[in-house]
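The primary structure of each chain is shown beneath.
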Amino acid sequence: MNRPYRTICHMAMSIDGRAAGHYLSAAEFGPYGKAYEETLQAYGSDNWICGRITFEQHITFGNKVDLSDYSDEAIPREDYINPAAFSSYAIAVDPEGKLGWQTNVIGDEYPERRGDHIVTILSEAVSDRYLAHLRKVGVSYIFAGKSKPLSMTVALDKLHKYFGIETFMLVGGGFVNGSFASEGLIDEISLIIAPLVEGVSDSVSLFEFGSSSDQRIRKFRLDKFERIGPDGIRLNYLSE
């Protein structure tokens, strides 16, 4: 596919393929979590993309916005880009508009990415009150569909157009990764495997396509591998 941008999916997982779970907060994961973060920073990316749940767990911490202060005045379903100049971006996939943003940049909750401008990818089904809130706090937003599921192709095309992003850094979770993979948008996978087993049946895997039975198999080729920490490994795959 001839695209003016590429997407790298950088993730850590357990031996049993879990991209989320309690093992991520275990002391034994420490050296692999450090390696994950160091590798992410080494890419020198000016952006990172996560799903709503990941942002809610690590950035907004479940904060809810009180929308009662806003009117129901209709707001056109047109993309809104904060006119201020930013050089790096935290991009949230949040179709229903649930994240409780209070500012338009990342703060001390993620020191390594402090100052990244927050951009959210929405469906047109979000409420007018939520859009009014985003405009008030200065969060940029773009629309990528009338409802779920969103089109990640549309989203990336717009992000490239508005912000000039040429390499997107996708960092989960599993359902967001799956939406990118299902559209054939992942060019490279950077994967750190920690020597741990989660073993929980409902834990999210690296790529989740949902219940659809018509998904194509996506094939990648191994580009390189290296040992990480005492017993982990990093694998790099490229799309074929």
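Computed from a predicted model, the values in this text were never measured in an experiment.

Visitor: Just to check I follow, could you spell out the overall build of the protein for this structure?
Guide: On a plain count of helices and strands, the protein comes out with five helices and nine strands. Tracing the protein from N to C terminus, the helices and strands come up as β-α-β-α-β-β-α-β-α-β-α-β-β-β. The C-alpha radius of gyration computed for the protein amounts to 18 Å, which stays within 12% of the reference 18 Å derived for 240 residues, consistent with globular compactness. Seen along its three principal axes, the alpha-carbon backbone of the protein occupies a region of about 55 × 40 × 35 Å. In the protein, of all internal contacts separated by at least 6 residues, the share reaching a separation of at least 24 is 74%. Accessible surface, the protein: about 11,900 Å² in total, of which carbon and sulfur atoms supply 51%. Charged side chains in the protein number 24 positive and 33 negative. The centres of these two groups are separated by 3 Å.

Visitor: Can you walk me through helix α2 (residues 52–60) in this structure?
Guide: Two residues of an α-helix separated by three or four positions point the same way, owing to the 3.6 residues in each turn. Among the residues of α2, Phe-55, Glu-56, Ile-59 and Thr-60 are the ones counted as buried. What you see down the axis of α2 is that its buried residues fit within an arc of 115°, all on one side. Close packing links the buried residues of α2 with β2 (47–51) and β3 (89–93).

Visitor: How do you make sense of the packing of aromatic side chains when you look at a structure like this?
Guide: For any pair of aromatic rings, the description rests on two quantities: the centre-to-centre distance and the angle between the ring planes. Applying the stated criterion across every chain yields a total of nine aromatic pairs. For the ring pair Trp-48 and Phe-55, a centre distance of 5.1 Å and an interplane angle of 25° mean the geometry is stacked. Like Phe-55, Trp-48 is buried. Taking the centre distance of 5.6 Å and the plane angle of 75° together, the rings of Tyr-141 and Phe-143 count as edge-to-face. Across the pair, Phe-143 and Tyr-141 agree in class, each one buried.

Visitor: Honestly, the environment of Asp-108 in this entry has me stumped. Any pointers?
Guide: Position of Asp-108 among the secondary structure elements: in the loop between β3 and β4 (117–122). For the pair Asp-108 and Ile-59, spaced 49 residues apart in sequence, the C-alpha separation works out to 9.4 Å. A polar contact is formed between the side chain of Asp-108 and the side chain of Arg-114, at a distance of 2.8 Å.

Visitor: For this particular structure, what's the right way to read helix α3 (residues 128–137)?
Guide: Among the residues making up α3, those that are buried are Asp-128, Tyr-130, Leu-131, His-133, Leu-134 and Val-137. Each element contacted by the buried residues of α3 is listed here: β4 and β5 (140–143). Immediately downstream of α3, the backbone of Gly-138 shows phi near 85°, a positive value.

Visitor: Is there a simple way to think about the pairing of β4 in this case?
Guide: Looking along a regular strand, one sees side chains alternate from face to face of the sheet. With respect to burial, β4 is a largely interior element, six of its six residues being buried. Of the two faces of β4, both are covered, the one formed by His-117, Val-119 and Ile-121 as well as the one formed by Ile-118, Thr-120 and Leu-122. Bridge analysis of β3 against β4 gives five bridges, and the strand direction is parallel. Its bridge partner lying in β4, Ile-91 is registered against Val-119. Where β4 and β5 come together, four bridges link them in parallel fashion. Pairing of Ile-121 across the sheet is with Ile-142, part of β5. Crossover β4 to β5 through α3 is right-handed.

Visitor: Which parts of the structure should I look at to understand the nonpolar core?
Guide: Looking at soluble globular proteins, one finds that nonpolar side chains tend to be buried together. If you look at the biggest cluster of nonpolar residues, it comprises 68 residues, and the most contacted ones within it are Trp-48, Phe-55, Trp-101, Ile-121, Leu-159 and Phe-180. When sequence neighbours within four positions are dropped, the list of residues in contact with Trp-48 reads Phe-55, Ile-59, Tyr-89, Ala-90, Ile-91, Ile-106, Tyr-110, Arg-113, Asp-116, Met-169 and Val-171.

Visitor: I would appreciate a short explanation of the domain arrangement of the protein in the present structure.
Guide: How large an interface is tends to be reported as the accessible area lost when its parts come together. One can read the domain layout of the protein as domain 1 (1–45 + 171–197 + 204–239) and domain 2 (51–165). Just the C-alpha atoms count here: the centres of domain 1 and domain 2 sit 24 Å apart. With 14 residues of domain 1 in contact, the opposing surface of domain 2 contributes 14 residues. Summed over both sides, the interface of domain 1 with domain 2 buries roughly 1,100 Å², with 54% coming from carbon and sulfur. Applying the counting rule to domain 1 against domain 2 returns zero salt bridges. On the surface where domain 1 and domain 2 come into contact, there are seven residue pairs in polar contact (both at pLDDT 80 or more). Breaking the side of domain 1 that touches domain 2 down by element, the ones donating at least two residues are α1 (30–42) and α5 (174–182).

Thresholds, definitions, all that
- Residues numbered from 1 in each chain as written.
- Predicted model: local features only at pLDDT ≥ 70, side-chain atom pairs only at ≥ 80, totals over all residues.
- Heavy atoms only, no water.
- Helix = DSSP H or I, 4+ residues; strand = E, 2+ residues; numbered from the N terminus.
- Rg over C-alpha atoms; globule rule 2.2 N^0.38 Å.
- Contact = heavy atoms within 4.5 Å.
- Areas by Shrake-Rupley, 256 points an atom, 1.4 Å probe, with all protein chains shown as cover.
- Lys, Arg positive; Asp, Glu negative; His and termini not counted.
- Charge placed at Lys NZ, Arg CZ, Asp CG, Glu CD.
- Buried < 20%, exposed > 50% of the residue type's maximum accessible area, 1.4 Å probe, protein only.
- Arc of directions from axis to C-beta.
- Phe/Tyr/Trp six-rings, centres within 6.5 Å; stacked < 30°, edge-to-face > 60°.
- Polar contact = N/O pair within 3.5 Å; in protein donor to acceptor, adjacent residues only side chain to side chain.
- Pairing = 2+ DSSP bridges.
- Right-handed = clockwise from strand over helix to strand, strands pointing away.
- Core = buried A, V, L, I, M, F, W, Y, C linked by side-chain atoms within 4.5 Å.
- Domains from an automatic or database assignment.
- Buried area = accessible area lost by both parts, 1.4 Å probe.
- Salt bridge = Lys/Arg side-chain N within 4 Å of Asp/Glu carboxyl O.

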